[in-house]
Amino acid sequence: MKYEIKGGNFPIVICELEKGESLKTQSGGMAIMSPHVKMQTDTDGGVLKGLGRALTGDALFLTHYIAEKTIKK
């Protein structure tokens with residue numbers, strides 16, 4: 001995975017993924033994505049782990065983005 005951080009007060013991260021590579025974000029973490037990326041949302045570790053994150057102010061659900069083919073910017 002290659003990435004680049006752009007911006008000042010409101011930075012963004014632009015990622016280049018190879019086929020099969022993935023990244024994980026909290027809900028609302030992705031603004032734009034390629035049509036060749038598969039998205040899966042789950043509690044990432046079960047309901048209790050998700051609730052534990054939610055109780056500490058984090059997200060209950062996490063989203064996994066998996067590249068189905070190599071993606072270049």
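Just so it is clear, the structure is predicted and the values come from calculations on it, not from any experiment. (Residues numbered from 1 in each chain as written. Predicted model: local features only at pLDDT ≥ 70, side-chain atom pairs only at ≥ 80, totals over all residues. Heavy atoms only, no water.)

Trainee: An account of the sheet that holds strand 5 (residues 62-67) is requested, with residue identities and associated values reported.
Mentor: Pairing in this open sheet of three strands is antiparallel, and the strands run 3-5-4 from one edge to the other. Looking at the sheet topology across the chains shown, the edges are occupied by strand 3 (22-26) and strand 4 (37-42). Averaged over neighbouring strand pairs, the angle between their axes works out to 25° when direction is ignored. Across six bridges, the pairing between strand 4 and strand 5 is antiparallel. Within strand 5, the residue paired with Val37 across the bridge is Ala67. (Pairing = 2+ DSSP bridges. Helix = DSSP H or I, 4+ residues; strand = E, 2+ residues; numbered from the N terminus. Axes fitted to C-alpha atoms, helices over the stretch in contact; angles between N-to-C directions.)

Trainee: Tell me about a nonpolar patch on the surface, and name the residues and values.
Mentor: A surface patch of nonpolar side chains, amounting to about 360 Å² of accessible area, comprises Tyr3, Ile5 and Val13. Structurally, the position occupied by Val13 is in strand 2 (residues 12-16). (Patch = residues over 30% accessible without salt bridge, like charges linked within 9 Å, V, L, I, M, F, W, Y side chains within 5 Å. Areas by Shrake-Rupley, 256 points an atom, 1.4 Å probe, with all protein chains shown as cover. Salt bridge = Lys/Arg side-chain N within 4 Å of Asp/Glu carboxyl O.)

Trainee: Outline the confidence of the model for the protein, listing residues and values.
Mentor: On average, residues of the protein score 84 in pLDDT, and 96% of them are at 70 or above. Mean pLDDT per element in the protein: helix 1 (residues 47-55) is the minimum at 77, and strand 1 (residues 2-6) is the maximum at 92. (pLDDT = per-residue confidence, 0-100.)

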